[in-house]
Amino acid sequence: MRDYVSVFFQYAGQYLKTRFTYRADMVVEIFSDFLFQAVNLVFILVVFGHTSLLAGWSKDEMIFIYGFFLVPFSIFSSFFNIWDFTDRYIVKGELDRILTRPVHSLFQIVLERMELESLFGVGTGLIVMFYAGGDLGLDINWYDPFIFILLVLGGALVYAGIFISLATIGFWSDSKTDIMPMMYNIGNYGRYPVNIYNNIIKYVLTWILPFAFVGVYPASYFLGRENWYVFAFLTPVVGLVFFMIAVVLWNIGVTKYRGAGN
Amino acid sequence: MGKYIEMIRIRFLMMLAYRTNYYSGILIYSINIGAYYFLWNAIYGGKENIQGLSITQMTTYLAVAWMARAFYFNNIDREIAMEIKEGKVAVEMVRPYPYLNMKMMQGLGEGIFRILFFSVPGMVIVTLVFPVDLSAHAATWLFFFLSLILSFIINTQINLLAGIATFFLFNNDGLIRAKRVVIDLFSGLILPISFYPMWAQNIMSYLPFQGISYIPSMIFTEGFKGNEILQALTTQAVWSLILILPIYVLWTIAKRQLVVQGG
Amino acid sequence: MENIIDVQNLKKEFKSYSSRQGLKGAFRDLFTRNYTIKTAVDDISFSIKKGEMVGYIGENGAGKSTSIKMLTGILTPTDGKIVVNGMNPHKEREKFVKTIGVVFGQRSQLWWDIAVQESFRLLKKIYNVSDQQYEEHMNDVIETLDIGPLLDKPVRKLSLGQRMRCELAAALIHNPSLLFLDEPTIGLDVLVKLKIREFLKKINKKYGTTILLTTHDLSDIEALCERVVMLDEGKIIYDGPLKELRENWAEGKQIQFQFSEKATIEELQSLTKEHLVVWEKGASDLVWVASVDSDETVISGVIGKVTAAKKIADLKILEISTEEIIRNIYVEGAVRHG
């Protein structure tokens, strides 16, 4: 474990060095992240220009949920940049190299593909939350920051679990798929109160692709929606379960790896 | 012309070869439309109409916008960026056809594939499940398809621009991502442009993005009527002509740079 | 001596899909697909002892890379048993790969954008090598490979030869007891090749490193390996000393005479009638080639008889090259063990 931590910092250091060599790209990337975050905010603002409540949720509550969502999502995007795993590692055979090194293959890919500048999103998320939370007059208890960290980690694990599981498809079939980018779209639906959907979609977003645990469920704890507290506190559990499933799938997948050029 | 048709055909076959992609594509498109349907239902919250669109029109708008996206959407920006980075563009330049035309044709092949095999079956599913109103007039369909072709041209031109920009930026991923976000927002895919506040609508009317999603979807839902349709189509046509200029300029500079650096 | 590599009845099959022709075929493929099973490695067994340098040869698609990838833990075998350094490569991958070094000639281990020594530092962390071990061992490696001046350059700025030397050093950071080299000299010029060969010999001698090498360039094998394992269509068709391969397959030698005066075939045949010789005319009337068995008495007998009777300007004894031998083996497709 200690080794993994020190390897992580070694990689992170290298990453920053490389990044500072190409500063212009980093700026463009951070900017495009901001843009991405702004788009969703714009959506909420425009929609609430035409209505005052969305299935019983106010504009500030919706913005708060979005702010919360940004935090686990940014952590996920900084470390689990595996949407092009099949192309990069399977088709081009880069996994060969990974597999000749004495560190877990998934961990190595996390290290190689990290994009630390996405962590700026955590800041954006916090600002949005504080802004909306201020408007809503939310109180902060001494234990809330700890719960926040727990729920954020849970949410990030949910995202990681889903996307790692999808990436493992590459071990069985190296044909091109567009599932990953489309899944990013579906991830957005977890940010809206799930009671607006019908039961099928609600069920999917809760138990199959549990994106609701990255947005509305954990955020509802801070919004004092007591009827959803159970789901809020299930967040870390669901995160762990989905992440573990993903790692198991990954470990099985690695044994099915066919190598490049076959 | 023959070689372009061949390129469309090859792309078509390539798309057909990835069947996981195909099945998951239909499923995910349907989920997208479903989720948006419920979201909009909640937004309407019993209101008769917002900005002149009824909830049925809104659902139709969404379904059409997403299905049309299947046609105009392509990844040639990423492909061009990749080919430039890997130095393949120099090879492609030697071939006896203009590189950009070829890319456009590949995009068209993908688009035709998706509209036939995603949009049509997807639309059938969506019409069965949600209150979508497809009973439009023949003329509406005709205008819609015309508008769809123009939206393909505009979107592909923007993709070409984003792809060529790789020549001038070391790592173009950020720009391509930003472009995608801007198109989703400003094209009217996730929100009809008429929903935006007036000042925003004014800005957007000077941008080409409305021609990608908003115009064809409004034509189909009959949110545009009579003269408005012709005006909208003209806007699209004008943009698809204007965009040729920056492509031409950037491409010429890029080619010169390619010759100097040897790819 | 102990076996470093022990392979028994190793087998690897790949399932591959074939697509039907034309638009209609492609459409049918959406629903059902044809697939075929290809056996890339077909029931092979061999073992390698500590300190051996073994050449692993075969044509493209003979199963070389697939078996190397199984030996290094990258691929899981379909069937059979592999024990390398006392471990099952795939099962105990992370522990196992600490004991081996791998160089893929066509794939870089180094990070493209950062300086070579930064890559080394990263690998040092990954392999958990202490500073002391690193200093002791790597200073020597860096010196022998003469890459000291390259260390602060980013990898993308290196030439292929420079990069390959760095790759080799990178694979040795943890001083592995076993080294796999897949096409390490591909595309390199002669001087770099020589340097790399020299280096490999040195580490083999100094640390007793076992080396398994695949290459297209047989001169690598001739320079380094006493033993070769030859694969064809997933099977081992020869496993033994390189020398024996040559003796068994190099059927005889050729003696080339250049006469100062004209010679006829009848004349030459009658001169050497007591030996089994096949005479062939060379480039001109003055050049004749005698093909004989690799037997000392025959060779000296023929030369003696001919030089006694006729004036010669030049004389060469040609040996059939390893490359030619191997080509012969593949052409004949025969399985004959040495």
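Keep in mind it's a predicted model, so treat the numbers as computed, not measured.

1. Considering the overall build of chain A
At step 1: Within chain A one finds 12 helices and 2 strands.
At step 2: Along the chain direction, N to C, the helices and strands of chain A fall in the order α-α-β-β-α-α-α-α-α-α-α-α-α-α.
At step 3: Relative to the compact-globule value of 18 Å for 262 residues, chain A shows a C-alpha radius of gyration of 19 Å, a close match.
At step 4: Along the three orthogonal principal directions, the C-alpha set of chain A runs to about 55 × 45 × 35 Å.
At step 5: Scored against the burial criterion, the 262 residues of chain A give a buried share of 44%.
At step 6: Within chain A, contacts between residues separated by at least 24 positions form 81% of all contacts whose residues are at least 6 apart in sequence.

2. Re the overall build of chain C
At step 1: The helix and strand tally for chain C stands at 12 helices and 13 strands.
At step 2: For a compact globule of 338 residues, the expected C-alpha radius of gyration is about 20 Å, and chain C comes in at 26 Å, more than 25% above that figure.
At step 3: In terms of overall dimensions, chain C has a C-alpha envelope of 75 × 60 × 45 Å along the principal axes.
At step 4: Buried positions account for 36% of the 338 residues belonging to chain C.
At step 5: Sequence separation of 24 or more characterises 73% of the internal contacts of chain C that already satisfy a separation of 6 or more.

3. Brief notes about the interface of chain B and chain A
At step 1: The partner chain A presents 34 residues to the 31 residues of chain B that form the contact.
At step 2: Mapped by element, the contributors of at least two residues to the side of chain B that touches chain A are helix H2 (19–44) and helix H8 (173–186) of chain B.
At step 3: Among the elements that line the side of chain B that touches chain A, the one with the most residues is H2 of chain B, at 13 residues.
At step 4: Within the side of chain B that touches chain A, the residues separate by chemical class into 20 nonpolar, 9 polar and 2 charged.

4. Some details on the pairing of strand E7 (residues 210–214) of chain C
All names here are of chain C.
At step 1: For E7, a buried count of 5 out of 5 residues is recorded, marking the element as mostly surrounded by other parts of the structure.
At step 2: What you see with E7 is no split at all: Thr 210, Leu 212 and Thr 214 on one side and Ile 211 and Leu 213 on the other are buried throughout.
At step 3: Here 5 bridges tie strand E6 (residues 178–182) to E7, and the two strands are oriented parallel to one another. The partner of Leu 178 across the bridge, within E7, is Thr 210.

5. Concerning unusual backbone geometry
At step 1: Positive phi is not limited to glycine here, since Glu 222 of chain B has a value of about 60°.
At step 2: On the neighbour-count criterion, Glu 222 of chain B (15 C-beta atoms within 10 Å) is partly exposed.

6. Describing the nonpolar core
At step 1: Core analysis: the biggest nonpolar cluster contains 217 residues, and Ala 160 of chain A together with Leu 62 of chain B have the highest contact counts within it.
At step 2: Ranked by residue count, the leading element in this core is helix H8 (residues 144–172) of chain A, at 14 residues.
At step 3: In this structure, Trp 288, Ala 290, Val 292 and Val 302 of chain C belong to the second largest nonpolar core, which totals 11 residues.

7. A few points about the packing of helix H3 (residues 59–79) of chain A against helix H7 (residues 120–136) of chain A
Residues and elements named next belong to chain A.
At step 1: Close contact between H3 and H7 brings their axes to 8 Å; oriented N to C, the two are set at 160°. Judged on the interaxial angle alone, H7 and H3 are roughly antiparallel. Relative to H7, H3 is oriented so that their crossing is left-handed. The residues of H7 that touch H3, namely those facing Asp 60, Glu 61, Ile 63, Phe 64, Tyr 66, Gly 67, Phe 68, Leu 70, Val 71, Phe 73, Ser 74 and Ile 75, are Gly 121, Val 122, Thr 124, Gly 125, Leu 126, Val 128, Met 129, Ala 132, Gly 133, Asp 135 and Leu 136.

8. Describing the sheet that holds strand E2 (residues 34–49) of chain C
Residues and elements named next belong to chain C.
At step 1: Taken in spatial order, the 3 strands of this open sheet run E2-E1-E4, and their pairing is antiparallel. Of all strands in the sheet, those with a lone pairing partner are E2 and strand E4 (79–84), marking the two edges. Taken pair by pair, the neighbouring strands of this sheet meet at an average axis angle of 25°, ignoring direction.
At step 2: For strand E1 (residues 3–18) and E2, the ladder comprises 12 bridges, and the chain directions are antiparallel. When the bridges of E2 are listed, Lys 15 appears paired with Ile 37.

9. Here's the deal with the sheet that holds strand E5 (residues 100–104) of chain C
All names here are of chain C.
At step 1: In space, the 6 strands of this open sheet follow the order E5-E6-E7-E3-E8-E9, with mixed pairing throughout. Looking along the sheet, the strands with just one partner apiece sit at the ends: E5 and strand E9 (235–241). This sheet shows a mean twist of 15° between the axes of neighbouring strands, independent of strand direction.
At step 2: Of the pairings in the sheet, the one linking strand E8 (residues 227–232) to E9 comprises 6 bridges and is antiparallel in character. Along E9, the bridge assignment pairs Arg 227 with Pro 241.
At step 3: Contacts from helix H2 (residues 64–71) reach strand E3 (53–58), E6, E7 and E8 within the one sheet, and its direction differs from that of E6 by about 150°.

10. Focus: the interface of chain A and chain C
At step 1: With 23 residues of chain A in contact, the opposing surface of chain C contributes 24 residues.
At step 2: Sorting the residues of the side of chain A that touches chain C by element identifies helix H1 (2–21) and helix H5 (94–99) of chain A as the ones contributing at least two each.
At step 3: Taken together, the residues of the side of chain A that touches chain C break down into 6 nonpolar, 11 polar and 6 charged.

Definitions and cut-offs
Counting starts from 1 at the beginning of each chain's written sequence and moves along it residue by residue. Labels follow written order: the first chain is A, the first ligand is 1, and so on. Selection of residues for local features in this predicted model requires a pLDDT of at least 70, selection of side-chain atom pairs for listing and counting requires 80 or more, and totals for whole chains, interfaces and linings are taken over all residues. Helix and strand assignments follow DSSP, with helices taken as H or I runs no shorter than four residues and strands as E runs no shorter than two, numbered in order from the N terminus. What the globule rule says is 2.2 Å times the number of residues to the power 0.38, and the radius of gyration is computed from C-alpha atoms. Comment: burial labels come from other C-beta atoms within 10 Å of the residue's own C-beta, placed from the backbone, where a count of 20 or more is buried, 12 or fewer is exposed, and between is partly exposed. The contact criterion used is a C-beta to C-beta distance within 7 Å, with each C-beta placed from the backbone. Residue type decides the class: Asp, Glu, Lys and Arg count as charged, Ala, Val, Leu, Ile, Met, Phe, Trp, Tyr, Cys and Pro as nonpolar, and the leftover types, Gly among them, as polar. When DSSP finds two or more bridges between two strands, those strands count as paired. For this analysis, nonpolar core means a set of buried Ala, Val, Leu, Ile, Met, Phe, Trp, Tyr and Cys residues linked through C-beta atoms within 7 Å. Axis geometry follows a simple rule: fit a line to the C-alpha atoms, using only the stretch in contact for helices, then measure angles between N-to-C directions, giving values from 0 to 180 degrees. The cut-offs work like this: below 35 degrees is roughly parallel, past 145 is roughly antiparallel, 65 to 115 is roughly perpendicular, and the gaps in between are oblique. Note on convention: near helix rotated counterclockwise from far helix by under a right angle means a left-handed crossing. Clockwise means right-handed.

Keep in mind these values describe shape, not function.
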